[in-house]
Amino acid sequence: SDLPMPATRLTPLRFWILVAASFILLFWLFSPALLPFLVGLAIAYFLEPSVSALERRKVPRWLGSTIILAAFFFFFVFLFFMMWPMISGQIGALIDNLPDYIATIRKQHLPWLQKWAARISPEYVAKIREATTQSTDEAVGFVGRTVRNILSSGFAIIDFIGLAVLTPITAFYVLRDWKSLTDAIDGLIPRHHYTVVREQLGEINQTLSGFIRGQAIVSLFLGAFYGIGLALNGLQYGATIGLIAGVLSMIPYVGTFFGSITSFILAAVQFSGDWARIGLVMSVFIFGNIIETYFLTPRLVGSRIGLHPVWVMFALIAAIKLAGFTGALIAVPAAAVIGVLIRFGVKQFKASALYK
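Residues numbered from 1 in each chain as written. Predicted model: local features only at pLDDT ≥ 70, side-chain atom pairs only at ≥ 80, totals over all residues. Heavy atoms only, no water.

Asks: Run through the pattern of salt bridges, naming residues and quoting values.
Replies: Inspection of the entire model under this criterion finds six salt bridges. Ionic pairing is found between R61 and E48, a salt bridge with its closest N-O pair at 3.2 Å. Here R61, found in helix α2 (residues 61–120), pairs with E48, found in helix α1 (residues 12–56); they are 13 residues apart in sequence, far enough to count as distant. Notably, a salt bridge pairs E55 with K179, separated by 3.6 Å at the nearest N-O pair. With E55 in helix α1 and K179 in helix α6 (residues 178–188), this pair connects stretches of sequence that are 124 residues apart. Accessibility expressed as a relative area gives 24% for E55, which makes it partly exposed. Here K179 falls in the partly exposed class, since its relative accessible area comes to 45%. (Salt bridge = Lys/Arg side-chain N within 4 Å of Asp/Glu carboxyl O. Helix = DSSP H or I, 4+ residues; strand = E, 2+ residues; numbered from the N terminus. Buried < 20%, exposed > 50% of the residue type's maximum accessible area, 1.4 Å probe, protein only.)

So this is what it looks like as structure tokens:
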């Protein structure tokens with residue numbers, strides 16, 4: 001008690017700013033290694049209610065975690081092996097036919113593109129011609145070399161093994177020790193602000209659960225809808241493109257953007273000049289987007305996430321710049337958490353003497 005007081009004190013605001021800055025720095029430094037752990041954590045968060053339901057029926061938590069996790073991975077492994085022959089066959093056929101597609105685009109669509117660009121600026125025509133001076137074989141060779149480098153890269157193999165092995169292990173331990181983890185977090189909450197912090201954590205949990213579980217169901221539906229719709233319209237490789245677009249729909253806008261652009265290019269080559277057929281292909285994504293926006297997302301994800309589309313796009317771009325693909329996966333959940341904290345801060349500000 002006789003010691004002099006320090007000249008400066010770590011105020012609560014400084015403390016939380018320091019914690020947030022440290023968290024962002026560590027995430028940026030270790031983002032290349034975080035993907036399997038984040039995916040495992042998301043899976044555990046998705047499956048936790050089912051494990052808790054078994055626990056209420058007197059099933060030991062380790063056994064319930066094993067049963068639910070095994071059923072989850074068995075379902076997706078079954079789907080993978082059921083669809084892999086079709087997906088691998090269509091991807092192989094697309095690579096084989098790529099030279100013909102490039103030649104068709106040059107022959108049928110390049111003159112129109114040059115004519116359209118000439119109306120804007122003659123310089124664009126020269127740039128387009130310069131960009132198309134490479135031979136078809138060179139373009140295909142570049143694609144082939146890129147794919148081979150990705151598949152043969154040691155880092156790619158390590159990432160795949162890490163994702164396949166570490167993800168289920170992480171999910172199991174998080175599910176098994178869920179109560180211990182939540183109790184540990186609860187014990188770190190400052191007692192003086194315990195009620196307020198628990199309220200915000202509850203709102204964050206409600207927001208994240210609404211997004212993750214709802215968006216997973218939306219992605220499954222969109223994958224089936226896009227795949228079946230494109231296949232019925234006769235688009236080659238349409239089933240594979242639709243499935244990939246559905247999986248990518250876990251990241252807002254990415255799935256629809258990828259599927260619509262890829263399908264339009266393939267349809268323009270396959271149905272050259274038949275704008276009715278091209279329109280039917282694009283209508284699959286138009287109707288899918290309408291169903292997602294006005295029916296599925298409001299009912300399955302709900303308005304609890306409370307994010308403006310512009311804020312979502314900014315969060316995606318910022319997270320991709322910060323941590324690449326890993327950042328894209330957590331962009332919307334992180335933005336939702338930040339949104340909860342900002343709304344709480346605005347509420348506190350309006351209740352303060354500074355506002356009044």
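So, next bit.
Asks: Can you lay out the confidence of the model for the protein chain for me, pointing to particular residues and giving the numbers?
Replies: As a note on interpretation, predicted positions should not be read in detail where pLDDT is low. The share of residues in the protein chain with pLDDT of 70 or more is 72%, and the mean pLDDT across the chain is 75. Note on residues 149–156: pLDDT is under 50 here. Beyond four places in sequence and across chains, it has three contacts. (pLDDT = per-residue confidence, 0-100. Contact = heavy atoms within 4.5 Å.)

Asks: Pulling in residues and values, what's your account of the packing of helix α7 (residues 194–232) against helix α8 (residues 238–248)?
Replies: One way to put it is that α7 packs onto α8 with a least axis distance of 7 Å and a crossing angle of 165°. By the angle between their axes, α7 is roughly antiparallel relative to α8. As α7 runs across α8, the sense of the crossing is right-handed. Packed against α7, whose contacting residues are S219, L222, G223, Y226, G227 and L230, the element α8 presents G238, A239, I241, G242, L243, A245 and G246 at the interface. Residues belonging to the contact of α7 with α8 are distributed by class as follows: seven nonpolar, six polar and no charged. (Axes fitted to C-alpha atoms, helices over the stretch in contact; angles between N-to-C directions. Parallel < 35°, antiparallel > 145°, perpendicular 65-115°, else oblique. Left-handed = near helix turned anticlockwise from the far one by under 90°. Nonpolar A, V, L, I, M, F, W, Y, C, P; charged D, E, K, R; others polar.)

Asks: An account of the nonpolar core is requested, with residue identities and associated values reported.
Replies: By size, the foremost hydrophobic cluster in this structure holds 24 residues, and its most contacted members are I43, Y45, L47, L69, L175 and L316. If you list the elements that add at least two residues to this core, you get α1, α2, α5 (154–176), α7 and α11 (309–350). Sort the elements by how many residues they give to this core and α11 lands first, with seven residues. Apart from residues lying up to four places away in sequence, I43 is in contact with L69, F72, F73, T167 and A171. In terms of nonpolar packing, the next biggest core, distinct from the first, is built from 17 residues, Y237, A267, V281 and F285 among them. (Core = buried A, V, L, I, M, F, W, Y, C linked by side-chain atoms within 4.5 Å.)

Asks: I'd love a proper account of unusual backbone geometry, names of residues and values included.
Replies: Although it is not a glycine, K58 adopts a positive phi angle of roughly 70°. Within the secondary structure layout, K58 lies in the loop between α1 and α2. Unlike most non-glycine residues, Y237 shows phi in positive territory, near 65°. Within the secondary structure, Y237 sits in the loop between α7 and α8. Accessibility expressed as a relative area gives 8% for Y237, which makes it buried.

Asks: Break down a nonpolar patch on the surface for me, with residues and values.
Replies: A surface patch of nonpolar side chains, amounting to about 830 Å² of accessible area, comprises F23, I24, L25, L26, W28, L29, F30 and L322. The leading source of residues in the nonpolar patch is α1, at seven residues. Structurally, W28 is set in helix α1. Residue W28 is classed as partly exposed on the basis of its relative accessible area of 46%. (Patch = residues over 30% accessible without salt bridge, like charges linked within 9 Å, V, L, I, M, F, W, Y side chains within 5 Å. Areas by Shrake-Rupley, 256 points an atom, 1.4 Å probe, with all protein chains shown as cover.)

Asks: For the packing of aromatic side chains, give the residues involved together with the corresponding values.
Replies: For the structure shown, the criterion picks out ten aromatic pairs. Relative to F76, the ring of F72 has its centre 4.9 Å away and its plane inclined at 55°; by these criteria the two rings are tilted. On the criterion of helical spacing, the pair formed by F72 and F76 is a turn pair, its members being four residues apart in helix α2. Measuring from centroid to centroid gives 6.4 Å for F74 and F78, while their planes differ by 20°, and the two rings are stacked. Of this pair, F74 and F78 are both found in helix α2, four residues apart, which corresponds to roughly one turn of the helix. Residue F74 is classed as exposed on the basis of its relative accessible area of 60%. Every member of this aromatic cluster is reached through a ring pair, and the members are F46, F72, F73, F75 and F76. Against the face of F271 rests R277, its NZ or CZ located 4.2 Å from the ring centre. (Phe/Tyr/Trp six-rings, centres within 6.5 Å; stacked < 30°, edge-to-face > 60°. Lys NZ or Arg CZ within 6 Å of the ring centre and 35° of its normal.)

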